[in-house]
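Geometric and topological summary
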Amino acid sequence: MCTLEKRGNIFLLTLTGDNEHRFHPDAIATILSLLGQAKSQANRGSVLITTGHGKFFSNGFDLAWAQSSGSLAGAAERLHQMVESFKPVVAALLDLPMPTIAALNGHAAAAGLMLALSHDYVYMRRDRGVLYMSEVDIGLSMPDYFAAMIRSKIGTSAARREVLLSGKKIRGEEAVALGIVDSAAHDSAEGVVEATVGLAEKLAAKKWKGDVYASIRKSLYPELCEILGLKATIFATPKL
Amino acid sequence: MCTLEKRGNLFLLTLTGDNEHRFNPDAIATILSLLGQAKSQAKRGSVLITTGHGKFFSNGFDLAWAQASGSLTGAAERLHQMVESFKPVVAALLDLPMPTIAALNGHAAAAGMMLALSHDYIFMRKDRGVLYMSEVDIGLSMPDYFAAMVRSKIGTSAARREVLLSGKKIRGEAVALGIVDSAAHDSAEGVVEATVSLAEKLAAKKWNGDVYASIRKSLYPELCEILGLKATIFATPKL
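Residues numbered from 1 in each chain as written. Chains lettered and ligands numbered in written order. Predicted model: local features only at pLDDT ≥ 70, side-chain atom pairs only at ≥ 80, totals over all residues. Heavy atoms only, no water.

Chain B is annotated in an unreviewed UniProt entry as Delta(3)-Delta(2)-enoyl-CoA isomerase of Brassica carinata. The Sequence similarities (unreviewed entry) field of the UniProt record for chain B holds the comment "Belongs to the enoyl-CoA hydratase/isomerase family." For the record of chain B, the UniProt heading Pathway (unreviewed entry) holds the text "Lipid metabolism; fatty acid beta-oxidation." (UniProt positions renumbered as here; feature names shortened; annotations may be inferred.)

Named according to an unreviewed UniProt entry, chain A is Delta(3)-Delta(2)-enoyl-CoA isomerase originating from Brassica carinata. Under the Pathway (unreviewed entry) heading, UniProt states for chain A: "Lipid metabolism; fatty acid beta-oxidation."

The structure is reproduced here in structure tokens:
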């Protein structure tokens, strides 16, 4: 369901299989474990790229699994379980001691869009794929860390409203204009991945110390870090 | 190392000497003292312009002085001392009872860029000079008030990422990124002239400096809290 490969400096995390890459507890645990592996193998110059196979990057939590509990209370409990267990995935990405890039092969909705936004850079396809926060349409509130992510990463009040309150399926060009993604200039999944590899190689060449990079990254998002329980680490002996 | 002149309504704070204008404890103390002087002589219509001589506005803290301590802990201690003693400089600028303009004669890096960002307006040169937050390249975390300044003054998440996480030396795109107000003039003299012109427009408003400072601080509550700056409320308007 999810693999981690190493290609030189680049860690490639792939959501495999031609399906919706829904986040049920097993998938979440796997992703968390693979991020832990990347962290433990991190070097100066390491970079993470996360992508997927097929039409979806991810369509979010596994609501079918929640419903199959058989009762309303059971469904709510299972959903709550997924929301809580996904929080460490977001934290792990914010804490990862290397630059991170999401290469969206296809649609990213709800928790799937959260996964994308947890990366430093987000590239999507120009030709296919939408961003969609489905919660308003399906009648779900925003988990606290979802809303904090949107507030932290999406710059204008109008753009945040479009993302959370409009039920819009946002395509590439509009996503760039709204400041949600960094690029929607490439057609095809291969095109996007290639572009992110190009960016990754530029970032890798800087040979940054990963712990310092992560520390500075976290200082950009103090509110989100507080909600996620991420502590600030200070590095005060510069290399000169 | 630093002078304060008065030209009519204008206070001109200059980082003198053709060097990197590194902030060691003496320089920091001098700047703080001169800002105190400007504050005590402030009137309605006063404006501050801060600029420098030579290729650098400022290249930040004096890391060579930190290293000269001879040990790793000594260096960390000296760096910490500079970080802590520079905080009141930023606070003094945010609290200054007059509009403030940074006229960047050259490069502004790390704490030098913080000094620039502590002003209400920033003009840089079109032809020379970069903005550069060097911390990610040299392996230093962001002091809390540095990160708060960047979060408060730089509008988009992408621009903040470019400034703090890319190690980029930013030239003309500083305007597009919303970091500076102008990069339209060549030469240091050109930039200073442009800031003098802006200063004259602002001076003509003859604002009550304490009210100006109060409203300025209300734009940056998070940063003010970190700096220990209190809000002062003025509730009897001139009508």
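On we go.
Of regular secondary structure, chain B possesses 11 helices and 9 strands. The C-alpha atoms of chain B give a radius of gyration of 17 Å, which matches the 18 Å a tight globule of 239 residues would have. Expressed as lengths along the three principal axes of its C-alpha atoms, the size of chain B is roughly 60 × 40 × 35 Å. Relative to its full complement of 239 residues, chain B shows a buried share of 56%. Looking at chain B alone, contacts between residues at least 24 apart form 74% of all its contacts between residues at least 6 apart. Of the roughly 10200 Å² of accessible surface on chain B, a fraction of 54% belongs to carbon and sulfur atoms. Charged side chains of chain B number 26 positive and 23 negative; the gap between the two group centres comes to 6 Å. (Helix = DSSP H or I, 4+ residues; strand = E, 2+ residues; numbered from the N terminus. Rg over C-alpha atoms; globule rule 2.2 N^0.38 Å. Buried < 20%, exposed > 50% of the residue type's maximum accessible area, 1.4 Å probe, protein only. Contact = heavy atoms within 4.5 Å. Areas by Shrake-Rupley, 256 points an atom, 1.4 Å probe, with all protein chains shown as cover. Lys, Arg positive; Asp, Glu negative; His and termini not counted. Charge placed at Lys NZ, Arg CZ, Asp CG, Glu CD.)

Here we come to the layout of surface pockets. Residue and element names in this part refer to chain B. The volume enclosed by the largest pocket comes to roughly 460 Å³. Around the largest pocket, the lining comprises 29 residues; the ones closest to its centre are F61, L79, A110, E135 and L140. Of all the elements in the fold, those that place two or more residues in the lining of the largest pocket are helix 3 (72-95), strand 6 (107-109), helix 5 (135-138) and helix 6 (144-153). At 4 residues, the largest contribution of residues to the lining of the largest pocket is made by helix 3. Looking at side-chain class alone, the lining of the largest pocket contains 18 nonpolar, 6 polar and 5 charged residues. (1 Å grid on protein atoms, 1.4 Å probe; cavity = no way out; pocket = protein on both sides within 12 Å on 5 of 7 lines; lining within 4 Å. Points joined across faces, edges and corners; volume = space filled by probe spheres on them. Nonpolar A, V, L, I, M, F, W, Y, C, P; charged D, E, K, R; others polar.)

Another aspect to go through is the confidence of the model for chain B. Of the residues in chain B, 98% reach a pLDDT of 70 or more, and the chain-wide mean stands at 94. Both scores are available for the predicted complex, with the pTM at 0.88 and the ipTM at 0.82. (pLDDT = per-residue confidence, 0-100.)

The next subject is empty space enclosed by the protein. The rolling of a water-molecule-sized probe over the atoms marks out the regions of remaining empty space. All names here are of chain B. Taken as a whole, this structure holds 2 cavities of 30 Å³ or more when the rule is applied. Its volume calculated, the largest cavity comes out at about 50 Å³. For the largest cavity, the lining is made up of 14 residues, of which G45, S46, M98, P99 and W207 are closest to its centre. Secondary-structure elements contributing two or more residues to the lining of the largest cavity are helix 9 (188-203) and helix 10 (209-219). A class-by-class count of the residues in the lining of the second largest cavity yields 6 nonpolar, 4 polar and no charged.

The next subject is the nonpolar core. Core analysis: the biggest nonpolar cluster contains 142 residues, and F61, F86 and L131 of chain A together with F61, F86, L131 and I179 of chain B have the highest contact counts within it. Every residue in contact with F61 of chain A, bar those within four places of it in the chain, is listed here: R22, F23, I28, L79, M82, V83, F86, A111, Y145 and F146 of chain A. (Core = buried A, V, L, I, M, F, W, Y, C linked by side-chain atoms within 4.5 Å.)

Turning our attention to the interface of chain B and chain A. Listed as interface residues are 25 residues of chain B and, on the opposing side, 24 residues of chain A. When residues of chain B are sorted by the area they lose upon contact with chain A, S141, R161 and L165 of chain B head the list and together hold 29% of the total. Seen at the junction of chain B and chain A, the total is 1 salt bridge. A salt bridge links D182 of chain A to R161 of chain B, with the shortest nitrogen-to-oxygen separation between them at 2.9 Å. Run the count over chain B and chain A and you get 6 residue pairs in polar contact (both at pLDDT 80 or more). Those elements giving two or more residues to the side of chain B that touches chain A turn out to be helix 2 (63-67), helix 3, helix 5, helix 6 and helix 7 (157-165) of chain B. For the side of chain B that touches chain A, the element with the highest residue contribution is helix 7 of chain B, accounting for 7 residues. Partitioned by chemical class, the residues of the side of chain B that touches chain A number 12 nonpolar, 6 polar and 7 charged. (Buried area = accessible area lost by both parts, 1.4 Å probe. Salt bridge = Lys/Arg side-chain N within 4 Å of Asp/Glu carboxyl O. Polar contact = N/O pair within 3.5 Å; in protein donor to acceptor, adjacent residues only side chain to side chain.)

Turning next to the packing of helix 3 of chain B against helix 10 of chain B. Residues and elements named next belong to chain B. The N-to-C vectors of helix 3 and helix 10 enclose an angle of 120°; their axes lie 8 Å apart at closest approach. Here helix 3 is positioned oblique relative to helix 10, judged by the angle of their axes. For the pair formed by helix 3 and helix 10, the contact residues are L93, L94 and D95 on the first element and A213, R216 and K217 on the second. When its residues are assigned to classes, the contact of helix 3 with helix 10 shows 3 nonpolar, no polar and 3 charged. (Axes fitted to C-alpha atoms, helices over the stretch in contact; angles between N-to-C directions. Parallel < 35°, antiparallel > 145°, perpendicular 65-115°, else oblique.)

All names here are of chain A. Here 3 strands make up an open sheet; going across it, the order is 4-6-8 and the pairing parallel. Taken across any chain shown, the strands that pair with only one partner, and hence form the sheet edges, are strand 4 (56-58) and strand 8 (131-132). In the sheet, strand 6 (residues 107-109) pairs with strand 8 via 2 bridges, with the strands oriented parallel. Opposite A109, over in strand 8, you have Y132 as the bridge partner. (Pairing = 2+ DSSP bridges.)

Next up on the list: helix 7 (residues 157-165) of chain A. Residues and elements named next belong to chain A. Every buried residue belonging to helix 7 is among A159, E162 and V163, and all of these are buried. On an axial view of helix 7, the arc spanned by its buried residues comes to 90°, and they lie on one face. Residues of helix 7 that are exposed and angled more than 90 degrees away from the buried face: S157 and L165. Where helix 7 is buried, its residues contact helix 4 (111-117) and helix 6 (144-153). (Arc of directions from axis to C-beta.)

With that settled, the discussion passes to the packing of helix 1 (residues 25-40) of chain B against helix 3 of chain B. Residue and element names in this part refer to chain B. Direction vectors running N to C along helix 1 and helix 3 enclose 15°, while the axes themselves pass 10 Å from each other. With respect to their mutual orientation, helix 1 and helix 3 come out roughly parallel. In the packing of helix 1 onto helix 3, the handedness of the crossing is left-handed. Together, P25, I28, I31, L32, L35 and K39 of helix 1 and Q81, M82, S85, F86, P88, V89, A92, L93 and D95 of helix 3 make up the contact between the two elements. Here the contact of helix 1 with helix 3 is built from residues that sort into 11 nonpolar, 2 polar and 2 charged. (Left-handed = near helix turned anticlockwise from the far one by under 90°.)

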